[in-house]
Amino acid sequence: MHHSIELAELYVRLGNVSVLQGVNIEAKPCEFISVVGANGAGKTTLLKVVNGILKPSQGRITVLGYNLSHYKNLNFLRKEIGVVPQKSNSNRFPICVEEAVLMGRYGKIGLMRRPKEPDWDKAYEAMKAVGISQFSKKLVPELSGGEQQKVALARAIAQEPLILLLDEPTTYLDQESRSEIMEIIHTIHHQRELTTLLVSHDDQLVEQYSDKIYLLKEGKGYLIK
Amino acid sequence: MSWIQTLNFPFMQHALIAILFAGIAFPMIGVFVLSLNLIPLRFAMMHVALLGGAIGLFLKVDPLLLGLLFCILSSMALGPISEKMKLGVGILSGYFMTLTLALAFILIYKADIHVLEAFNILWGNILSLTILDLIIVGLISLMILIMVFLFFKEIQAILYDREIALAVGLPEKLFYYLIIFMLGLTIAVSMRMIGALLIDAFVLLPAMAATLISRSLKQTFFFSSLFGLLSGMAGLYLSFVFDIPTSSTIILVASLIIAGCFLFRRRLSGYEKVR
Ligand SMILES: Nc1ncnc2c1ncn2[C@@H]1O[C@H](COP(=O)(O)OP(=O)(O)OP(=O)(O)O)[C@@H](O)[C@H]1O
Ligand SMILES: [Mg+2]
């Protein structure tokens, strides 16, 4: 398996809007790629395409060496992709932090199987790496926005993915916590040898952590670093 | 006649057994409905069942049977259709609800049926259940319990956040459709038991009470079943003691339980906003 993401001449339409119009982005194994752009530039759309949730109207997407258009069921790939969504609608029912993080294991555990000791260990490791161990028994809806974002990050890491997709992981954070979580992400990226694709509107913030930065503008992607 | 003596009647035994099954299993479906925002869908399914009933009356076929059939068919169709058309299940439900109601009224009018007769389909009677009804209620209850037991983690992830369930590599759509299908089955049988209008006594109210005081999905399922069983049994008993309609009594008890849970609810600022 190649540890990589390759988007070639990607076109995506949502309703009547052409959101992406010929985007080329490449993330080589273990690279940290950032995509920046204004609100509505198509950043979230881009990540959804990589994860196979949205289908492009044209273009080729290769993730971990698999051409997505060749597969009807992408669950096998999604197990290898950790996702930190931009916003989560996660406060419908109460769930404590450790269970929410353990959820990252659910795909890999397999249908009908229960989480075992090693799964819990991985969840605890992930919570420790992100720095939320002290909240493990708290309810997710009782946490602040920033803390909830760390829970999402811990879940993605507990999954032990090869690829990490991050959608504005710093949205709810103050200036100080922004740098803190970027440091955490960067450390984990290196320790676990991940291929990371991060989208953000804050190009200043991602500058020092990224191997490459693309600017998404009017449907096109421009390599700016 | 004392309460214990009434248990000698088969219809009372049947009611008790039905409540035992439905009281435990149906509130779990209520937990799905609340977490996934399926309340409009459940409304739509009731109306679809009404259309089935009207067609039954029109064609002189058992209206209940056709109602059930329609409910099951719609529960299999609604999920995938809404997904394909990229509409929310809520919007599609609204469409179905009004359309089926209009069609039902046209049929009822043309067939020269008394409207009240048509609406009988919506009422049901827990004190007139046959052995076959019991078998159906028992089977569906078992299916729900087995589903929740075997697929607890998949269900937990989907109820928590469908997007996350998909992202971690679970067959999220499949389970979502399964949940909608089970909802359809449950509505169909509870319509027979307690009537469509009172389904919420078994499906929604215990689940609502449970979400108020639970700290995990396991607790939510446990308390919703407990409350369902409790309100069903107490409702049946009290309706005899005070000689009042059974379904309404069950609802009253369930509402009291909700009120009690409100008093004991966790004090959660962020969580309250959601309800
Ligand atoms: N379901 C949809 N139907 C039609 N248009 C959509 C849909 N979803 C998004 N869009 C449009 O696609 C464009 C890109 O949306 P996207 O969410 O990818 O932007 P973004 O870069 O993530 O923005 P933000 O920084 O605000 O998160 C927007 O103009 C948006 O209006
Ligand atoms: Mg976005």
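Conventions adopted
- Residues numbered from 1 in each chain as written.
- Chains lettered and ligands numbered in written order.
- Predicted model: local features only at pLDDT ≥ 70, side-chain atom pairs only at ≥ 80, totals over all residues.
- Heavy atoms only, no water.
- Axes fitted to C-alpha atoms, helices over the stretch in contact; angles between N-to-C directions.
- Helix = DSSP H or I, 4+ residues; strand = E, 2+ residues; numbered from the N terminus.
- Parallel < 35°, antiparallel > 145°, perpendicular 65-115°, else oblique.
- Contact = heavy atoms within 4.5 Å.
- Nonpolar A, V, L, I, M, F, W, Y, C, P; charged D, E, K, R; others polar.
- Near = heavy atom within 4 Å.
- Polar contact = N/O pair within 3.5 Å; in protein donor to acceptor, adjacent residues only side chain to side chain.
- Areas by Shrake-Rupley, 256 points an atom, 1.4 Å probe, with all protein chains shown as cover.
- Pairing = 2+ DSSP bridges.
- Domains from an automatic or database assignment.
- Buried area = accessible area lost by both parts, 1.4 Å probe.
- Salt bridge = Lys/Arg side-chain N within 4 Å of Asp/Glu carboxyl O.

So, about the packing of helix H12 (residues 205-213) of chain B against helix H14 (residues 246-264) of chain B. If you want to describe how two helices pack, look at the angle between their axes and the distance between the axes. All names here are of chain B. Taken N-terminus to C-terminus, the directions of H12 and H14 make an angle of 10°; their axes are 9 Å apart at the nearest point. By the angle class used here, H12 and H14 are roughly parallel. The segment H12 lies against H14, with Leu205, Met208, Ala209, Leu212 and Ile213 engaging Ile251, Ala254, Ser255, Ile257, Ile258, Cys261, Phe262 and Phe264. A class-by-class count of the residues in the contact of H12 with H14 yields 12 nonpolar, one polar and no charged.

This part covers the site of ligand 1. All names here are of chain A. Around ligand 1 sit Leu14, Val19, Ala38, Asn39, Gly40, Ala41, Gly42, Lys43, Thr44, Thr45, Gln86 and Glu168, and that is every residue in its neighbourhood. Here an oxygen atom of ligand 1 and a backbone polar atom of Ala41 are 3.2 Å apart. At a separation of 2.7 Å, an oxygen atom of ligand 1 approaches a polar side-chain atom of Thr44. Contact with the protein chains covers 60% of the free accessible surface of ligand 1, which is 640 Å². For the shell around ligand 1, the element with the highest residue contribution is helix H1 (residues 43-50), accounting for three residues. Counted by class, the shell around ligand 1 contains four nonpolar, six polar and two charged residues.

Here we come to the sheet that holds strand E4 (residues 58-63) of chain A. Residues and elements named next belong to chain A. Spatially, four strands are ordered E2-E1-E4-E5 in an open sheet, and the strand pairing comes out antiparallel. Across the chains shown, the open sheet's two edge strands, defined by having one partner strand only, are strand E2 (17-27) and strand E5 (66-67). Two strands pair when backbone bridges link them, and strand E1 (residues 5-14) and E4 are joined in this way by five bridges, in the antiparallel orientation. For Leu7, the partnering residue across the bridge sits in E4 and is Ile61.

Residue and element names in this part refer to chain A. When its domains are assigned, chain A resolves into domain 1 (1-80 + 165-186 + 196-225) and domain 2 (87-160). Relative to domain 2, the C-alpha centre of domain 1 lies at a distance of 23 Å. In this complex, domain 1 contributes 14 residues to the contact, which on the side of domain 2 involves 12 residues. Approximately 950 Å² of surface area, both sides summed, lies buried where domain 1 meets domain 2, with 59% of it carried by carbon and sulfur atoms. Area buried by domain 1 at its contact with domain 2 is led by Lys79, Tyr172 and Ile184, which between them contribute 50% of it. Remark: the boundary between domain 1 and domain 2 carries two salt bridges. Across the salt bridge formed by Lys108 and Glu80, the nearest N and O atoms sit 3.5 Å from each other. Among the elements that take part in the side of domain 1 that touches domain 2, helix H7 (residues 175-191) stands out by supplying four residues, more than any other. Classifying every residue of the side of domain 1 that touches domain 2 gives seven nonpolar, two polar and five charged.

On to the interface of chain A and chain B. Tallying the contact residues gives 37 residues for chain A and 32 residues for chain B. Carbon and sulfur atoms supply 59% of the area that chain A and chain B bury against each other, a total of about 3,200 Å² over both sides. The interface formed by chain A and chain B includes zero salt bridges. The interface formed by chain A and chain B holds six residue pairs in polar contact (both at pLDDT 80 or more) in total. Elements with a contribution of two residues or more to the side of chain A that touches chain B: helix H2 (75-78), strand E6 (81-84), helix H3 (97-102) and helix H4 (106-109) of chain A. A per-element tally of the side of chain A that touches chain B places H4(A) first, with three residues. When its residues are assigned to classes, the side of chain A that touches chain B shows 18 nonpolar, 10 polar and nine charged.

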